[in-house]
Amino acid sequence: MENLIPMFQAFLGLGPTVILPVAVFFLGMLFGQTPGRSFRSGLIIGVGFTGIFMVVDLLVSNLAPAAQGMVHRFGIGLNIIDIGWPGAASIAWASPVAALVIPVGLVVNIIMLVTKTTKTMDIDLWNYWHFTFCGAFVYSLSGSLAQALIAAVIFEIVILKIADWTAPMLEEYFELPGISVPTGSTISYAPIGIPLIWLIQKIPVIKDLHADPDTIQKRFGIFGEPIFMGLILGCVLGGLAGYDLGKIVKVGVAMGAVMFLMPRMVKILMEGLIPISESAREFLNKKFGEKDVYIGLDAAVAIGHPSVIATALILVPITIFLAVVLPGNKVLPFGDLATIPFIVCFIVGAARGNIVHSVIAGTVVLAMSLYMATDVAVFHTQMAVDAHFKMPEGTNLISSIDQGGNLIHWLIYKLFALFN
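Residues numbered from 1 in each chain as written. Predicted model: local features only at pLDDT ≥ 70, side-chain atom pairs only at ≥ 80, totals over all residues. Heavy atoms only, no water.

If you check an unreviewed UniProt entry, the protein appears there as PTS system, galactitol-specific IIC component from Propionispora hippei DSM 15287. Checking UniProt for the protein, the heading Subcellular location (unreviewed entry) contains the comment "Cell membrane". (UniProt positions renumbered as here; feature names shortened; annotations may be inferred.)

**Q** Run through the packing of aromatic side chains, naming residues and quoting values.
**A** Following the criterion strictly, the structure yields eight aromatic pairs and no others. Judged by centre distance (5.0 Å) and plane angle (55°), the ring pair of Y128 and F131 falls under tilted. No difference in accessibility class separates Y128 from F131, as the two residues are buried. Ring centres of F133 and F137 lie 5.5 Å apart, and the angle between their planes is 25°; on these two criteria the pair is classed as stacked. Of this pair, F133 and F137 are both found in helix α6 (residues 129-142), four residues apart, which corresponds to roughly one turn of the helix. The pair F133 / F137 is uniform in exposure class, with both members buried. Pairwise contacts between aromatic rings join F133, F137, F379 and Y413 into one cluster. (Phe/Tyr/Trp six-rings, centres within 6.5 Å; stacked < 30°, edge-to-face > 60°. Buried < 20%, exposed > 50% of the residue type's maximum accessible area, 1.4 Å probe, protein only. Helix = DSSP H or I, 4+ residues; strand = E, 2+ residues; numbered from the N terminus.)

**Q** Please give an account of helix α4 (residues 84-93) that cites residues and values.
**A** Taken across its 10 residues, α4 has seven buried, putting it largely inside the fold. Here α4 has its buried residues at G84, G87, A88, A89, I91, A92 and W93.

**Q** Now, about the sheet that holds strand β6 (residues 397-399): what can you tell me, with residues and values included?
**A** Read across the open sheet, the three strands follow the order β5-β1-β6; overall the sheet is parallel. On the outer flanks of this sheet lie β5 (331-332) and β6, each paired with one strand and no other. In the packing of helix α16 (residues 377-386) onto the sheet, contacts are made with β1 (80-82) and β6, and the angle to β6 comes to roughly 100°. (Pairing = 2+ DSSP bridges. Contact = heavy atoms within 4.5 Å. Axes fitted to C-alpha atoms, helices over the stretch in contact; angles between N-to-C directions.)

**Q** Can you explain the environment of L233? Please cite residues and give values.
**A** Mapped onto the elements of the fold, L233 is located in helix α11 (residues 226-240). Since its relative accessible area comes to 19%, L233 is described here as buried. The spacing of L233 and L196 is 37 residues in sequence and 25 Å in space, taken between C-alpha atoms.

**Q** Please give an account of the nonpolar core that cites residues and values.
**A** One finds F49, I52, M121, F174, L176 and L297 to be the most contacted residues of the largest nonpolar core, which totals 137 residues. Top element by residues in this core is helix α12 (residues 245-288). It accounts for 14 residues. In contact with F174, other than residues within four places in its own chain, are M169, A302, H305, V308, C345 and G349. (Core = buried A, V, L, I, M, F, W, Y, C linked by side-chain atoms within 4.5 Å.)

**Q** Explain the packing of helix α9 (residues 190-200) against helix α15 (residues 355-375) residue by residue, including any values.
**A** Running from N to C, α9 and α15 cross one another at 135°; their axes reach a closest spacing of 9 Å. Taken as axis vectors, α9 and α15 run oblique relative to one another. Of the two elements, α9 crosses α15, and the hand of that crossing is right-handed. Facing α9, whose interface residues are I192, G193, L196, I197 and I200, α15 presents H357, S358, I360, A361, V364, V365 and M368. Counted by class, the contact of α9 with α15 contains nine nonpolar, three polar and no charged residues. (Parallel < 35°, antiparallel > 145°, perpendicular 65-115°, else oblique. Left-handed = near helix turned anticlockwise from the far one by under 90°. Nonpolar A, V, L, I, M, F, W, Y, C, P; charged D, E, K, R; others polar.)

This is the structure:
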């Protein structure tokens with residue numbers, strides 16, 4: 001076991017841009033494609049994800065400092081630091097559960113595909129760390145490897161079922177046919193966010209409030225294009241962070257670039273994915289009579305939609321404001337402010353790109369996440385100590401919106417806490 005953990009960590013350290021092309025190559029061969037065609041599909045997908053993550057890095061590298069600037073500028077003092085998903089992931093992979101989650105997760109996914117209890121083939125091995133975190137949480141709670149693996153499997157099953165449920169949205173609104181998103185940091189907010197959108201769209205007056213990229217562009221012409229929306233919202237964030245004029249413009253241009261480039265990167269990815277998706281569908285239909293199969297990918301394929309980015313940028317200062325005014329909240333939003341596009345992705349899809357409704361629902365969801373993250377902070381901190389995680393300087397308690405404030409994970413943790 002001790003030897004397996006470093007091996008898996010080294011493999012996963014290569015990142016999605018290497019792991020996914022390798023997985024796609026072998027899947028293509030499994031589904032009857034020629035080696036050359038499989039290799040081409042895998043390579044194009046690798047190039048597409050390289051482009052996507054370059055744009056995501058551009059988003060994070062500009063958004064995170066601006067958000068931190070707002071926190072410091074307004075002198076917000078809360079005693080639980082949000083370490084963000086990178087910190088949560090490193091804690092997860094340091095757990096004894098980590099080496100077992102990937103093989104167990106793959107077996108569970110195959111069994112569910114064969115028994116037709118899911119239509120999602122989750123090839124996004126990197127994001128198995130969400131399953132691992134859930135298992136590691138329960139392992140720290142119970143000291144039982146069996147309970148930890150059961151928790152991880154429960155989390156995976158729930159995620160796959162929600163991924164099936166939301167896949168039609170990806171095709172209809174995000175124009176991603178044959179794809180689902182079994183990413184824990186996105187899927188877990190769908191059971192709250194999607195019903196909230198349904199409710200908001202039933203409320204008089206509010207239901208008639210409407211703003212999406214298409215209507216904005218029609219009203220404002222060239223200045224309503226996504227690239228200009230990104231520029232304006234980025235400049236506003238830079239101003240709230242207290243930047244000088246040069247930095248404000250820099251953040252604005254970076255957000256405009258995110259809005260402009262991300263859809264183009266997704267098109268490259270789809271060029272490589274469509275042949276694999278068609279081969280998988282033919283293979284499963286022939287072997288098991290299953291016509292519909294979804295290829296499970298990272299939520300990054302959907303966050304580049306202009307409505308998602310616009311909603312997320314608006315919610316950054318709102319989340320900081322919520323942290324201050326919510327009674328009982330002790331979490332200082334920090335690391336996961338740049339993760340908000342992933343959190344609101346399906347909320348925006350359910351709202352059909354209506355930014356007004358998405359911001360309202362996103363505000364409620366993030367408020368709930370802050371409370372859940374506060375609730376598990378002591379235990380989250382103990383996990384970090386056990387994993388020898390380097391705590392932020394001057395910090396005694398940590399948590400994360402992405403995992404500590406993750407609804408599905410929180411419910412599973414509460415379930416196992418009853419028995420321990």
